[in-house]
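# Close look at the chain arrangement
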Amino acid sequence: MAFVKSTRAEPAASPETTGACLAQLASPDAGIRRRAARALAGDPGAATTLAERLEVETEPSVRNALFGSLVAIGGAPAAGLVAPFVRSEDAALRGGAIDALKQLDEAAITAVDELLNDPDPDLRLLAIEVTRAWPSERSAPRLQRIFLQEPHVNVCAAALDVATEAGGTDLLPALQALRQRFQNEMFLLFAVDVARARIGNPAETDA
Amino acid sequence: MNANLKIVAEEPEDELAPRVLVIDDATVVRLYYRQILEADGYVVEEAINGLEGLEKAMQGRFDLCIVDVNMPIMDGFAFLRALRAEPATSGIPALTTTTEAGAGDHRSALRAGANFFLVKPVARQHLSDYAAALLGRPAK
Amino acid sequence: MAIQPARPNALPILITEGEYRKFCEFFYRATGISFGENKRYFVDKRLIDRIEKSGMSNFSDYFDKLRRRDATPEIERLINLLTVNETYFYREEHQFECLVHGILPELTAKRRKGQRIRIWSIPCSTGEEPYSIAMYLLENWPQVDDYEIEIIGSDIDTNALAAAETGVYDKRSLHRLSPDMTRRYFTATGADRFRLIDDVRGSVRFTQINVSDAAAMRGFGHLDVIFCRNMLIYFDDASRQKTVECFYDSMESGGFICLGHSESMSRISSLFKIRTFPHAIVYQKAGGSR
């Protein structure tokens, strides 16, 4: 018969001590580095080392594990360690950081607000994406401020995309103000119209 | 422009119309490009990140990809490298869009496999002209 | 689109055009599934049903709730309503074709005869999927006797697992099988009761597992092929990612994973490489013979 029914367990890997894992983060073998990073998921003491490894790690599966373990550790300090990677020259690291900040949820609020206030418009833009995962009452005031004050068109556009999903009728006046501020920007006017169409009429939502 | 657009084109497709794959994680951007490209007579499909884009490119027949850089799961540069590495898709022209106007990003895009690079927000006429150029067609 | 709610004085629930688009955009972003204008009636009806059952009176409140982190049970109910999900033998047969014509030839290219091939069906529900794999290999893979094939079926539901072990099915489960296959692999034991033959029943090991138990997931390793069809689509983003990370760790280099026809790694993780075969799109862990 071709088929076998094995009764023995075949575990994926044997557990290692924290010290061994920390050392293995620098192993020449990517599989070992990934396993080590995964094993440190429950260890808040490892957070700084995990973040340091992200600065030098190039293998995607290991980067995944490093971010994943930082998220599992959780808390504002972990968010603070993840946030700087939004500034990275490497698009994949930026994306990984944004995703991790989304998963950190409330713990990342301070870090995200800092990014939303950064002088670099590209950072403000990337940070807005995190708010897509937030409940409407948390994202609305941030979006409102952007619509009223943000000078950079791409940052406004990113906020509009979140508003198409998360926006409520309370944002309509700010959207009107945004429309006034960018009267010559065809794409932005288009995006405002989409956001308004998705948010709908106050009369419609009073059902 | 009409904000209430059809999400999926329901008119019968023109077999000979060029097929364009728009890859951007922002819904409003995909809608905007769709309007422009459909008005130019192209058939448009969408993807929300590089991995979905790659799946669609590998399964379908596309004559042009328009791909953003910053996307979750798989960014635009990773998409371009994979597109060029895959025999079924390596020859598809690709137009990259990004918010960063710096020369560094321009070079990265070309190195990763883009044929051309546009800075966001993309003006309607630019998208139309460069799409036509990469499709080997006269400008509209 | 309006239906009469249970309370006679309540206003009928309406989904506006804008709300429909908003919902479709949200659903597409979350699952990769697109609904066009032609699906309006189909989607509206089910949305209104869920809004009502949630004790709400309008789409806006319901949608707001759907976006929250604690909405997973509701999203699962909604996805269940919006997608087709039945289990039966030889469901999505093209993936089994891919297994035989694409995946196994690659896996065995550098493997000696007599070596083990491990295949995991998760979730296995009442067993149709892992048993289908066994049957399909017996019927279609000439090298089926050359290797030790280990098929594991896992599910969180112990009742489903008990039914799987018993191996008795109704006509509906068998509807994709030819009369010849039915005759050879099943024994009719009563009105609309068909018992799978012992040889095939004995070819699958069934185990209980909760995929969110990372420690339990670490107990599974050295997998060559994982069939994970129509489970991940119901999970929230974080759970999908965590589960797929566990799968990655459980797989051999060069191993393959098959998702359901309306599922994609694009909503989950970039850990795997896309592999397009004539019969299916599957995902592969780097390394191995290719």
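An account of the accompanying structure is given in this report. This one's a predicted model, so the numbers in the text were calculated from it and none came from an experiment.

Reading guide: rules and limits
- Residues numbered from 1 in each chain as written.
- Chains lettered and ligands numbered in written order.
- Predicted model: local features only at pLDDT ≥ 70, side-chain atom pairs only at ≥ 80, totals over all residues.
- Helix = DSSP H or I, 4+ residues; strand = E, 2+ residues; numbered from the N terminus.
- Buried ≥ 20, exposed ≤ 12 C-beta atoms within 10 Å, placed from the backbone.
- Contact = placed C-beta atoms within 7 Å.
- Nonpolar A, V, L, I, M, F, W, Y, C, P; charged D, E, K, R; others polar.
- Pairing = 2+ DSSP bridges.
- Right-handed = clockwise from strand over helix to strand, strands pointing away.
- Axes fitted to C-alpha atoms, helices over the stretch in contact; angles between N-to-C directions.
- Parallel < 35°, antiparallel > 145°, perpendicular 65-115°, else oblique.
- Left-handed = near helix turned anticlockwise from the far one by under 90°.

This part is about the overall build of chain B. For chain B, the count of helices and strands is five helices and five strands. For chain B, the sequential pattern of α-helices and β-strands runs β-α-β-α-β-α-β-α-β-α. Residues classed as buried in chain B amount to 51% of the 140 residues present. The long-range share in chain B, meaning contacts at least 24 apart out of those at least 6 apart in sequence, stands at 59%.

Counting from both sides, the interface comprises 25 residues of chain A and, opposite them, 21 residues of chain B. Only helix 6 (91-104), helix 8 (121-131), helix 10 (153-166) and helix 12 (186-199) of chain A provide two or more residues apiece to the side of chain A that touches chain B. Per element, the largest residue contribution to the side of chain A that touches chain B is eight residues, and it comes from helix 12 of chain A. Across the side of chain A that touches chain B, the residue classes tally to 16 nonpolar, three polar and six charged.

Next up on the list: the pairing of strand 4 (residues 94-98) of chain B. Residue and element names in this part refer to chain B. Buried residues dominate strand 4, accounting for five of its five residues. Side chains of strand 4 alternate between two faces, with Ala94, Thr96 and Thr98 and Leu95 and Thr97 buried alike. Looking at chain direction, strand 3 (residues 64-68) and strand 4 are connected through four bridges and run parallel. Bridging from a neighbouring strand, valine 67 pairs with threonine 96 of strand 4. Regarding topology, helix 3 (residues 76-85) serves as the crossover connection from strand 3 to the parallel strand 4, and that connection is right-handed. Sheet analysis places strand 4 next to strand 5 (residues 116-119), joined by four bridges and oriented parallel. Its bridge partner lying in strand 5, threonine 97 is registered against leucine 118.

A word on the packing of helix 2 (residues 40-53) of chain C against helix 4 (residues 72-82) of chain C. Residue and element names in this part refer to chain C. Close contact between helix 2 and helix 4 brings their axes to 10 Å; oriented N to C, the two are set at 150°. The orientation of helix 2 with respect to helix 4, classified from their angle, is roughly antiparallel. As helix 2 packs across helix 4, the resulting crossing turns out to be right-handed. Contacts between helix 2 and helix 4 pair Val43, Arg46 and Arg50 from the former with Arg77, Leu78, Leu81 and Leu82 from the latter. Among the residues forming the contact of helix 2 with helix 4, the class breakdown is four nonpolar, no polar and three charged.

The next thing to look at is the sheet that holds strand 5 of chain B. Residue and element names in this part refer to chain B. What the five strands build is an open sheet, ordered 2-1-3-4-5; its pairing is parallel. Bordering the open sheet on either side are strand 2 (43-47) and strand 5, each of which pairs with just one other strand. For this sheet, the mean angle separating the axes of adjacent strands, direction not counted, is 20°. Summarising the sheet, strand 1 (residues 19-23) and strand 2 pair through five bridges and their orientation is parallel. Residue valine 20 lies in a different strand from strand 2, and its bridge partner there is valine 44.

The strands that make up a sheet are held in pairs by hydrogen bonds between backbone atoms, and each pair lies either parallel or antiparallel. All names here are of chain C. Strand order in this open sheet of three strands is 3-5-4, and the pairing throughout is antiparallel. Both edges of this open sheet fall to strand 3 (168-169) and strand 4 (186-190), since each of them pairs with a single strand only. Sheet topology places strand 4 next to strand 5 (residues 193-196); four bridges connect them, and they run antiparallel. Paired with glycine 190 across the strands is arginine 193, a residue of strand 5.

Fair warning: the whole summary comes from geometry, so function is off the table for now.
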